[in-house]
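Residue-level structural notes
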Amino acid sequence: MIADHEEEDPAVAIGTDERRMHVRAYNYWSSLLAGRDFPSIEDLDGRDVSDFADHSLLLDFTASSDNPVTSFIGAALRAECEIGDEVRTIADVPPRSLLSRLTDHWLQIVANRAPIGFEAEFTNQRGHDICYRGILMPFSSDGETIDFIYGVINWKDGIAAPAPVLSLVEEDDVLDLVDGIEPEFEDVAPLGEDAGLADRLSAARETVEVLKAADGRSRAALYRALSLAYDFAVASRRVPDDYAELLDDAGIRSQARAPMTPIVKLVFGADYDKARLTEFAAALAHAERCEIDFEGFLPFIESFPGSLKGLVAAERDARRPDRRSDTRVDKARVMLRSVNAQPLSALAGNDEFTLVLVRRDANGKVEPVCAVPDLNLLEKAFRHLG
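Owing to the predicted nature of the structure, the values given are computational and were not obtained by experimental measurement.

1. What to know about the overall build of the protein chain
Scanning the protein chain from N- to C-terminus turns up 15 helices and 7 strands. Here the protein chain, with 386 residues, has 44% of them falling under the buried criterion. Counting only contacts in the protein chain whose residues sit at least 6 apart along the sequence, the fraction spanning at least 24 positions is 59%.

Structure representation (structure tokens):
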């Protein structure tokens, strides 16, 4: 089985040992912050990450928030995963490859808006036991939105395992294969709206035990557990003191910004796979956003496009902050649409290199309109071309 060991505090999870690759990557990320929440993607320089570039991955969310582009995959990572140019997005990542271990955690970056360090063991596509340690770090193009994620991972290849082991993170890929062997549930009456909070929690936890007994591969058990967890969440709003007592007894803190996270920790256990807990909390949060009532979650998830993954993606899109309009940029666009095109010879100046802005008109014709005198932008252009 996979053994994941993650810390709530990124600094604790990442550590301070400079000999470790992911620590050096984190220190590099921190050096680019300059007082911002996230470094600018423009500051990510390939020359600065040369000692771990072969073990790294860059995800680009600018085209799709649901299926980011794998705009860079390091040579060592490609070789270990036995992949070529066919992997262009997360959807193309082979499910039992080391690369999938790195991409499995990207939802946590979106939820926590901070670097995520992780380590675990798993059995790869060749049947080898792999120990790995990695980190994912957010980057932004506008200073607010996480639209790039840079990841670094290191690993050790152990001896061959006797049989492949499926991880909880991969369970969505096999649920459809076991529809005919779903476990049977006891024929019990619904709890009803008046059931006590402790009874609801106990019923949900019993279904989670059925899910664990099926090695996480029962869609019926998973969706039933989520449905009972959602009913528990709805009921907890009505008896907040009882809910607070249950949290206190379990040693779980309430979270105003992520109220469904304590719910899923209570139901599935605080030591359950954290990537899955993040997904479960997002699914429940979207049901609440859609004002689903008691006993309505099961038909809701079963009819929702994409089921669980669709709910998670929909909630993530709903949380995505709107980009703030930069009035200076808007004014510049209006001005540049009205200026006359200029010959390149007039814009080049006397320097060896000049950065020139071009415009495409309504007929598709490209014409230069002005020179950009900012030397910092010119240097950034050199770095992108280098």
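2. Brief notes about the pairing of strand β1 (residues 56-60)
With 5 of its 5 residues buried, β1 lies for the most part within the structure. The alternating pattern of β1 places Ser56, Leu58 and Asp60 on one face and Leu57 and Leu59 on the opposite face, and all of these are buried. Relative to strand β2 (residues 69-73), β1 is paired through 4 bridges, and the arrangement is antiparallel. Residue pairing for β2: Asp60 is matched across the bridge by Val69.

3. Details of the pattern of salt bridges
If you walk through the whole model with that rule in mind, you get 12 salt bridges. Residue Glu82 pairs with Arg126 through a salt bridge whose shortest N-O separation is 3.5 Å. Of this pair, Glu82 sits in the loop between α3 (75-81) and α4 (98-103) while Arg126 is found in the loop between β3 (116-123) and β4 (128-139), placing the two residues 44 residues apart along the sequence. Classification of Arg126 as partly exposed rests on a relative accessible area of 31%. It is possible to trace a salt-bridge network through shared partners that takes in Glu80, Glu82, Arg126 and Asp157.

4. A closer look at the packing of helix α7 (residues 219-238) against helix α10 (residues 274-289)
Taken N-terminus to C-terminus, the directions of α7 and α10 make an angle of 60°; their axes are 10 Å apart at the nearest point. Considering the angle they form, α7 stands oblique to α10. Considering the relative orientation of α7 and α10, their crossing is right-handed. Where α7 approaches α10, its residues Leu222, Leu226, Ala229, Tyr230 and Arg237 are matched on the opposing element by Arg276, Phe280, Leu284, Ala287 and Glu288. In terms of residue class, the contact of α7 with α10 is made up of 7 nonpolar, no polar and 3 charged.

5. A short note on a negative patch on the surface
A cluster of acidic residues, Asp241, Asp242, Glu245, Asp248 and Asp249, forms a negative patch at the surface. Structurally, the position occupied by Asp242 is in helix α8 (residues 240-250).

6. Some details on the nonpolar core
Ranked by internal contacts, the top residues of the largest apolar core, which has 48 residues, are Leu226, Phe268, Phe280, Leu284 and Leu308. When residues of this core are traced back to their parent elements, those giving at least two are α6 (197-213), α7, α8, α9 (260-268), α10, α11 (297-303) and α12 (307-319). Ranked by the residues each element gives to this core, the list is headed by α7, at 12 residues. Within the second largest apolar cluster, 26 residues are counted, among which are Leu102, Ile116, Ile130 and Ile149.

7. Things to note about the packing of aromatic side chains
Counted by the stated rule, this structure contains 11 aromatic pairs. In this structure an aromatic cluster arises from ring pairing among Tyr230, Phe297, Phe300 and Phe304.

8. A short note on α7
With 20 residues, α7 should cover 28 Å at 1.5 Å per step; its first-to-last C-alpha distance of 29 Å lies within 8% of that length. With 16 of 20 residues buried, α7 lies mostly within the body of the structure.

9. Focus: the confidence of the model for the protein chain
Scored by pLDDT, the protein chain comes out at a mean of 79, with 81% of its residues at no less than 70. Considering only residues more than four positions removed or in separate chains, one finds that residues 1-13, a stretch of pLDDT under 50, has 29 contacts. Long-range and interchain partners of residues 160-179, a stretch whose pLDDT sits below 50, account for 45 contacts in this model, where long-range means more than four residues apart.

10. Describing α12
Taking 1.5 Å of rise per residue, the 13 residues of α12 would be expected to cover 18 Å, and the 19 Å separating its terminal C-alpha atoms lies within 8% of that figure. Next to the buried residues of α12 lie α5 (106-112), α7, α10 and α11.

11. Some words on the environment of Ile116
The topology assignment puts Ile116 in strand β3. For the pair formed by Ile116 and Trp106, sequence separation is 10 residues and the distance between their alpha carbons is 8.6 Å.

12. Considering the packing of α9 against α10
Relative orientation of the contacting elements α9 and α10 amounts to 125°, with a least axis distance of 8 Å. Overall, the two elements α9 and α10 adopt an arrangement that is oblique. Once α9 is placed against α10, the crossing between them reads as right-handed. Along its contact with α9, which presents Met260, Thr261, Ile263, Val264, Lys265 and Phe268, the element α10 presents Leu277, Phe280, Ala281, Leu284, Ala285 and Glu288. Partitioning the contact of α9 with α10 into residue classes produces 9 nonpolar, 1 polar and 2 charged.

13. Some thoughts on the environment of Ala313
Mapping Ala313 onto the fold places it in helix α12. Taking C-alpha positions, Ala313 is 8.1 Å from Ser65, a pair spaced 248 residues apart along the chain.

14. A short note on unusual backbone geometry
Despite not being glycine, Ala34 shows a phi value in the positive range, around 50°. Even without being a glycine, Glu291 presents a positive backbone phi close to 60°. Mapped onto the secondary structure, Glu291 falls in the loop between α10 and α11. Overall, Glu291 belongs to the exposed group, its relative accessible area being 71%.

Cut-offs applied
- Residues numbered from 1 in each chain as written.
- Predicted model: local features only at pLDDT ≥ 70, side-chain atom pairs only at ≥ 80, totals over all residues.
- Heavy atoms only, no water.
- Helix = DSSP H or I, 4+ residues; strand = E, 2+ residues; numbered from the N terminus.
- Buried < 20%, exposed > 50% of the residue type's maximum accessible area, 1.4 Å probe, protein only.
- Contact = heavy atoms within 4.5 Å.
- Pairing = 2+ DSSP bridges.
- Salt bridge = Lys/Arg side-chain N within 4 Å of Asp/Glu carboxyl O.
- Axes fitted to C-alpha atoms, helices over the stretch in contact; angles between N-to-C directions.
- Parallel < 35°, antiparallel > 145°, perpendicular 65-115°, else oblique.
- Left-handed = near helix turned anticlockwise from the far one by under 90°.
- Nonpolar A, V, L, I, M, F, W, Y, C, P; charged D, E, K, R; others polar.
- Patch = residues over 30% accessible without salt bridge, like charges linked within 9 Å, V, L, I, M, F, W, Y side chains within 5 Å.
- Areas by Shrake-Rupley, 256 points an atom, 1.4 Å probe, with all protein chains shown as cover.
- Lys, Arg positive; Asp, Glu negative; His and termini not counted.
- Charge placed at Lys NZ, Arg CZ, Asp CG, Glu CD.
- Core = buried A, V, L, I, M, F, W, Y, C linked by side-chain atoms within 4.5 Å.
- Phe/Tyr/Trp six-rings, centres within 6.5 Å; stacked < 30°, edge-to-face > 60°.
- Expected span 1.5 Å × (residues − 1).
- pLDDT = per-residue confidence, 0-100.

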